[in-house]
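# Breakdown of the fold
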There are 4 protein chains.
Amino acid sequence: MKNFQNNIMSPSRYDQLKKEALKANLQLPILGLVLYTFGNVSAADRDAGVFAIKPSGVPYSELTEEKMVIVDFNGQVIEGDLRPSSDTKTHAVLYKHWENIRGICHTHSTYATSWAQAQMDIPIFGTTHADHTAGDVPCAPPMNDEMIQGDYEYETGFQIINCLKEKSMDYQNLEMVLVGNHAPFTWGDSAEKAVYNSAVLENIAHLAWLTSMINPEAPRLKESLVQKHYQRKHGKDSYYGQ
Amino acid sequence: MKNFQNNIMSPSRYDQLKKEALKANLQLPILGLVLYTFGNVSAADRDAGVFAIKPSGVPYSELTEEKMVIVDFNGQVIEGDLRPSSDTKTHAVLYKHWENIRGICHTHSTYATSWAQAQMDIPIFGTTHADHTAGDVPCAPPMNDEMIQGDYEYETGFQIINCLKEKSMDYQNLEMVLVGNHAPFTWGDSAEKAVYNSAVLENIAHLAWLTSMINPEAPRLKESLVQKHYQRKHGKDSYYGQ
Amino acid sequence: MKNFQNNIMSPSRYDQLKKEALKANLQLPILGLVLYTFGNVSAADRDAGVFAIKPSGVPYSELTEEKMVIVDFNGQVIEGDLRPSSDTKTHAVLYKHWENIRGICHTHSTYATSWAQAQMDIPIFGTTHADHTAGDVPCAPPMNDEMIQGDYEYETGFQIINCLKEKSMDYQNLEMVLVGNHAPFTWGDSAEKAVYNSAVLENIAHLAWLTSMINPEAPRLKESLVQKHYQRKHGKDSYYGQ
Amino acid sequence: MKNFQNNIMSPSRYDQLKKEALKANLQLPILGLVLYTFGNVSAADRDAGVFAIKPSGVPYSELTEEKMVIVDFNGQVIEGDLRPSSDTKTHAVLYKHWENIRGICHTHSTYATSWAQAQMDIPIFGTTHADHTAGDVPCAPPMNDEMIQGDYEYETGFQIINCLKEKSMDYQNLEMVLVGNHAPFTWGDSAEKAVYNSAVLENIAHLAWLTSMINPEAPRLKESLVQKHYQRKHGKDSYYGQ
């Protein structure tokens, strides 16, 4: 009897995490960030050392809590009947190396993806951008052919980590990046925050494109304004929100 | 008993104002002018010397009349449990110095914000623009570092006032401005009119961008057409509307 | 008794026309062609020598059949409690001079208005355009100051008529025009067709802008394709539709 | 009695095919790929040697299963009261020559049509593109005047087939093409897949335009990434989806 109960109970261990991942994934079509299945969100439980992620190629309208896949930080499936997102190893690498993140979001949103395809950083032109991060959003360069032909999605994780390292940026201050030729990845302390960052990044990318079309000589935001707006929303003296 | 009744009654003094502010704020997502909480509207009662404004960082879907914050024209909170919008002091300065306005709206709407980031005035290219104001929509330059590091939102109010002064414009004829690197502010004789002006400004900004993309040599509207259209909707001989 | 009946009956004379005008006006926000009240449609009864038009400045959500205004081809109000659209005289002039049209539509739709502001004809780049008209969509030049300061809306009608005359175009083959610095006007054998033409014009204007952005050297459609597509939908050998 | 039953039964032979064609056609307005009736989808039954296609000029809101027209691979109507799409012969030619396709979709979607009007191939700039095809999306050149004045829609089919031949591309690896000056055609192993390809093509066309606006010198995706992404979704070692 107890065994039977355990069997019934065992899936419940990750129910909350699957629920969180489902809810965050369902935000993507509502926010206009995905076409068909071109995106995925994961939610991590750091104590358990696992994350729940969207199954590969399943339409958002057919997603359920039960279809979420539980994967560990080495990319091994722990629970679930479906194959996890093809980008799962990228998520695993980021969770393993960045110990304070609890959510990752990947989309092919229109404006952010176009900057990634153009292989250009998104310049910090205004306060909307500075409210969220204190510098350009970097675009990681394409990998070399060996890495591409090797463990591609695993290497994509390191491509992101190395991009931040080279720019001396902390993943806790910069929660978004473009993978050159591919598309954006964002993260945060929850799956919900990672999705929020994807929507903000798409907005920033749209504004930056229009700004550079209106005025190709538009200067970057000056440092005093960058710091004012970033500190208004972050850090010990922030005074935005409740 | 009377005291108790007074307690119950006291919030009602500003109920109408809060209702007006709530209704105007809820128009922003409907009109597509905001992402998440990137915008705020206030409604002023000039006799009482106060305005009702959106609380900071609260999603539009969770806004209620009760959550609106009552603030005086010096920026002091008079009533409300929540922290008011981080842009509250900008609103206060404008109400204090412009005695005929009863509503202010601030958004990060896409096209208007991009002109602000480009640090360029929006040229008056057509009659849609002239129906609402008789000249370019000015872009106030960034503040100096001292002002930014000082009382930033308070100084933003003066930046707007000084921008109109320098261009010899009357806030009753020009109800919209861009704050360089930041985003637009609009106003009017009601919160509803301020929101209307934000939607119109976004439309004007979109048309002006497309116009200059189609024809980089597009001339400004000639003065006779500017005056014809502005006077059709404003002034003693107007004949638009009922 | 008879008089009373007559009184009750008299409005019914134009009921059908008002209904047609209302229905056509309500299509404008659905098709995304208007912001607030920036547009108007009329429906004409040529035998009665009148047209029904939107009242000035009334939001689409508040429009009713009863609020439509009946006007004759000289621009005189025949029936209705509200002031007709400020563009009424332009409609009247077109109905008076073009004896086979039964509907006119005026909007400030985004792409068509931007071409008008740029004071440029819309080049015929593809078959979507040729399906509807066999040449560029012309942009009428701005009027001289005397005409603007005179009977402006009346002169706008002649500006449109003269634009087609100068280009030797027949209003029955070209049912759309841009008024320079202002916005588009379209027409047809019904109010519904006039609205259809406004939606098609906005689409053509969008495609033409994108085409010239992708390839500034894009050639116009060659004459054999223009004729093939235009004749497919129009004229005695047309084979499109039922 | 038997004859009567046969009469009643005979339409049922193609009921499933009509249902598939109806469902696919109704996706076009939902996906934002058509204005009015500017598009059509067909679904083929290769064993029966016929396809079901949208009737010409009928609004999507009025489409029913019964209105679908059954046509053979020579373009002859087999069943149906309405005239089939004016593009029917183009569909027939493709079905006749490409024996593994079961669905064709034609739209005038905004971005893809603009590339067609610009007479330019869509460059492969990113992985969103490579996930679906391993090279540029080609733009077939305009036909010569004799072909245009002859059996135009029939020749359009050959224009598409020849375009792929000249680029040595297999219709099973490249399921989308632009017809110069006109608009896109897509296909696949079902009508649903053909519609999917039209939505993906519009997305790719949008991204490619933005990419070239952001960086006119943007390089094409390198071959190792093209192969990685194309093989991830296609071929024997694919690991995308379930």
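Data block above holds the structure.
Let us look at the structure shown here. (Residues numbered from 1 in each chain as written. Chains lettered and ligands numbered in written order. Predicted model: local features only at pLDDT ≥ 70, side-chain atom pairs only at ≥ 80, totals over all residues. Heavy atoms only, no water.)

## Let's talk about the relation of the copies chain A and chain D
Put simply, the test is: Least-squares superposition aligns the copies on the C-alpha atoms of those residues with pLDDT at or above 70 in both. The contact rule is simple, with two residues in contact once any of their heavy atoms fall within 4.5 Å.
Once turned by 90° and shifted 0.0 Å along the axis, chain A lies on chain D with an RMSD of 0.0 Å. Taken together, the turn and the small shift mark the pair as related by a four-fold rotation axis. Among all residues of chain A, the minimum C-alpha distance to the rotation axis is found for Met213 of chain A, at 5.9 Å. The fraction of interface residues of chain A whose copies in chain D are also interface residues is only 6%, indicating that the copies meet through different surfaces.

## Focus on the relation of the copies chain B and chain A
Two copies of a chain can be linked by a rotation about an axis combined with a shift along that same axis. The operation relating chain B to chain A is a screw motion whose rotation component is 90°, with 0.0 Å of axial translation and a residual RMSD of 0.0 Å. Interface overlap between copies: only 6% of the residues of chain B at the interface are likewise at the interface in chain A, consistent with a contact formed by different surfaces.

## What to know about the interface of chain B and chain A
The following threshold applies: Buried area is understood as the total, over both parts, of accessible area removed when two parts are fitted together, assessed with a 1.4 Å probe. The salt bridge criterion pairs a side-chain nitrogen of Lys or Arg with a carboxyl oxygen of Asp or Glu, the two atoms within 4 Å.
At the interface, 35 residues of chain B touch 36 residues of chain A. Of the roughly 3000 Å² buried at the junction of chain B and chain A (both faces included), carbon and sulfur atoms supply 58%. The three residues of chain B that bury the most area against chain A are Tyr36, Arg83 and Gln117 of chain B, which together make up 20% of that side's buried surface. Counting across the interface, chain B meets chain A through 3 salt bridges. Here Arg232 of chain A ties to Asp87 of chain B by a salt bridge, and the two come within 3.6 Å at their closest N and O atoms.

## Looking at the sheet that holds strand 8 (residues 184–188) of chain D
Residues and elements named next belong to chain D. Threshold: When DSSP finds two or more bridges between two strands, those strands count as paired. Each helix is a run of DSSP H or I of at least 4 residues and each strand a run of E of at least 2, with the numbering of both proceeding from the N terminus.
What the 8 strands build is an open sheet, ordered 4-3-2-1-5-8-7-6; its pairing is mixed. Two strands lie at the open edges of the sheet, namely strand 4 (77–79) and strand 6 (139–140), each paired on one side alone. As defined by bridge partners, strand 1 (residues 39–45) adjoins strand 5 (residues 103–107) across 5 bridges and the pair is classed as antiparallel. When the bridges of strand 5 are listed, Asn40 appears paired with His106.

## Re the interface of chain A and chain D
Put simply, the test is: For this scheme, ten residues count as nonpolar: Ala, Val, Leu, Ile, Met, Phe, Trp, Tyr, Cys and Pro. Four count as charged, namely Asp, Glu, Lys and Arg, and the remainder, Gly too, count as polar.
Taken together, the contact between chain A and chain D spans 35 residues of the former and 36 residues of the latter. With both chains or domains summed, chain A and chain D bury close to 3000 Å², and 58% of this area falls on carbon and sulfur atoms. On the chain A side of the contact with chain D, Tyr36, Arg83 and Gln117 of chain A bury the most area, a combined 20% of that side's loss. Linking chain A with chain D are 3 salt bridges. Note that Lys222 of chain D and Asp145 of chain A form a salt bridge whose closest N and O atoms lie 3.1 Å from each other. Looking at the side of chain A that touches chain D, the elements with two or more residues in it are helix 4 (110–117), helix 6 (145–149), helix 7 (152–166) and helix 8 (191–214) of chain A. In terms of residue count, the dominant contributor to the side of chain A that touches chain D is helix 4 of chain A (6 residues). A class-by-class count of the residues in the side of chain A that touches chain D yields 16 nonpolar, 15 polar and 4 charged.

## Here's the deal with the packing of aromatic side chains
What describes a pair of aromatic rings is the distance from one ring centre to the other and the angle between the planes of the rings. Heads up, the condition is: Classification of ring pairs uses Phe, Tyr and Trp, with its six-membered ring standing for Trp, and accepts pairs whose centres are within 6.5 Å; under 30 degrees between planes counts as stacked, over 60 as edge-to-face, and the remaining range as tilted. Type-normalised accessible area, obtained with a 1.4 Å probe on protein chains alone, sets the label of each residue: buried when under 20%, exposed when over 50%, and partly exposed for intermediate values. For a Lys NZ or an Arg CZ to count as sitting over a ring, it must be within 6 Å of the ring centre and within 35 degrees of the ring normal.
One pass over the structure, following the stated rule, counts 40 aromatic pairs over all chains. Taking 6.3 Å as the distance between ring centres and 25° as the angle between the ring planes, the aromatic pair formed by Phe51 of chain A and Phe73 of chain A counts as stacked. Taken together, the residues span a long stretch of sequence, with Phe51 of chain A in strand 2 (residues 50–53) and Phe73 of chain A in the loop between strand 3 (69–72) and strand 4 (77–79) at a distance of 22 residues. You'll find Phe51 of chain A and Phe73 of chain A in the same group, each marked buried. Arranged with centres 5.0 Å apart and planes meeting at 5°, the rings of Trp98 of chain B and Tyr171 of chain B form a pair that is stacked. Placement of Trp98 of chain B in the loop between helix 3 (88–97) and strand 5 (103–107) and of Tyr171 of chain B in the loop between helix 7 (152–166) and strand 7 (176–179) is noted, with a sequence separation of 73 residues between them. Comparing Trp98 of chain B with Tyr171 of chain B shows no difference in burial state: the two are buried. Through a chain of ring-to-ring contacts, the aromatic side chains of Tyr111 and Trp209 of chain A, Tyr111 and Trp209 of chain B, Tyr111 and Trp209 of chain C together with Tyr111 and Trp209 of chain D assemble into a single cluster. Over the aromatic face of Tyr60 of chain B sits the side chain of Lys54 of chain B, whose NZ or CZ is 5.1 Å from the ring centroid.

## Considering the side chain of His129 of chain A
All names here are of chain A. Here is the rule: Any N or O atom pair separated by 3.5 Å or less is treated as a polar contact, with the protein-specific requirement of one donor-capable and one acceptor-capable atom, and with residues adjacent in sequence counted only for side-chain atom pairs.
Tracing the backbone through its elements, the reader meets His129 in helix 5 (residues 127–130). Residue classification places His129 among the buried positions, given a relative accessible area of 2%. Looking at His129, its side chain comes within polar contact range of the main-chain oxygen of Gly135, at 2.8 Å. Apart from residues no more than four positions distant in its own chain, His129 is found in contact with Ile122, Pro123, Ile124, Gly135, Asp136, Val137 and Ile204.

## Re the pairing of strand 5 of chain B
Along any regular strand the residues' side chains alternate between the sheet's two faces. Residue and element names in this part refer to chain B. Extensive coverage of strand 5 is indicated by the burial of 5 of its 5 residues. The alternating pattern of strand 5 places Gly103, Cys105 and Thr107 on one face and Ile104 and His106 on the opposite face, and all of these are buried. One ladder, built from 4 bridges, connects strand 5 with strand 8 (residues 184–188); its direction is antiparallel. Bridging from a neighbouring strand, Cys105 pairs with Thr186 of strand 8.

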